[in-house]
Amino acid sequence: MIWPSRKKKQTPPVLMYSQVDITEAFGNDQRLSLDEWIVTVPLNATTSNPESMGLPPVNANADEVHRVASMLSELRESIPIRNDGVYCPVCHTANVDLERLRKPCPQCGRPLLKFGWE
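Residues numbered from 1 in each chain as written. Predicted model: local features only at pLDDT ≥ 70, side-chain atom pairs only at ≥ 80, totals over all residues. Heavy atoms only, no water.

1. Some remarks on the sheet that holds strand β2 (residues 38-39)
In space, the four strands of this open sheet follow the order β2-β5-β4-β6, with antiparallel pairing throughout. The sheet terminates laterally at β2 and β6 (113-115), the two strands that pair on one side only. Here strand β4 (residues 85-88) pairs with strand β5 (residues 93-95) via three bridges, running antiparallel. Bridge assignment links Y87 to a residue of β5, and that residue is A94. (Pairing = 2+ DSSP bridges. Helix = DSSP H or I, 4+ residues; strand = E, 2+ residues; numbered from the N terminus.)

2. A short note on helix α1 (residues 62-77)
If you check α1, its first and last C-alpha atoms are 21 Å apart, about what 16 residues at 1.5 Å a residue would give, namely 22 Å. Of the positions making up α1, those classed as buried are V65, H66, V68, A69, S70, L72, S73 and R76. Structurally, α1 contributes buried residues whose contacts are with β4 and β6. Here α1 starts with a cap whose side-chain oxygen sits 3.1 Å from the backbone nitrogen of D63, and that cap is N61. (Expected span 1.5 Å × (residues − 1). Buried < 20%, exposed > 50% of the residue type's maximum accessible area, 1.4 Å probe, protein only. Contact = heavy atoms within 4.5 Å. Polar contact = N/O pair within 3.5 Å; in protein donor to acceptor, adjacent residues only side chain to side chain.)

3. Some thoughts on the nonpolar core
By size, the foremost hydrophobic cluster in this structure holds 16 residues, and its most contacted members are V20, Y87, A94 and W117. Mapped by element, the contributors of at least two residues to this core are α1 and β6. Sequence-distant contacts of V20, that is, excluding residues within four places in its chain, are made with V41, P42, L43, N44, L55, P56, V65, V68, A69, L72, Y87 and P89. Of all hydrophobic cores here, the second largest spans five residues; its members include V86, C88, C91 and L112. (Core = buried A, V, L, I, M, F, W, Y, C linked by side-chain atoms within 4.5 Å.)

4. A closer look at the pairing of β4
Residues G85 and Y87 of β4 are buried on one face, and the alternating residues V86 and C88, pointing to the opposite face, are buried as well. Both β4 and β6 contribute to a ladder of three bridges, which runs antiparallel. Across the sheet, the residue bridging to V86 is K114, located in β6. Hairpin connection of β4 to β5: four residues between the antiparallel strands, including H92 at a positive phi of 60 degrees.

Below you can see the structure in the form of structure tokens.
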């Protein structure tokens, strides 16, 4: 008789973030014009075990980083949040102009995603 295998169920990651990058300080958006971009920092580089928090692994390629970030952006896009902007999780830049959401990144051409400044 063959018994059904009991595979250990994988626990899905807990989503602790709604984006994969941050800025180094709060209030950076206050000084930017619609045409200015600021450098962002990938959260997976500052967090131990990023996959457990819904972030891409440190060694993820650009397509995987953007895929995960896009999924998180969809969640953020479903909630109206005042003062959100856009960012590119591949080029690590952000901008205050939410009108650019899902438009091509000026550097890599991937769709820009929703970014929270706080």
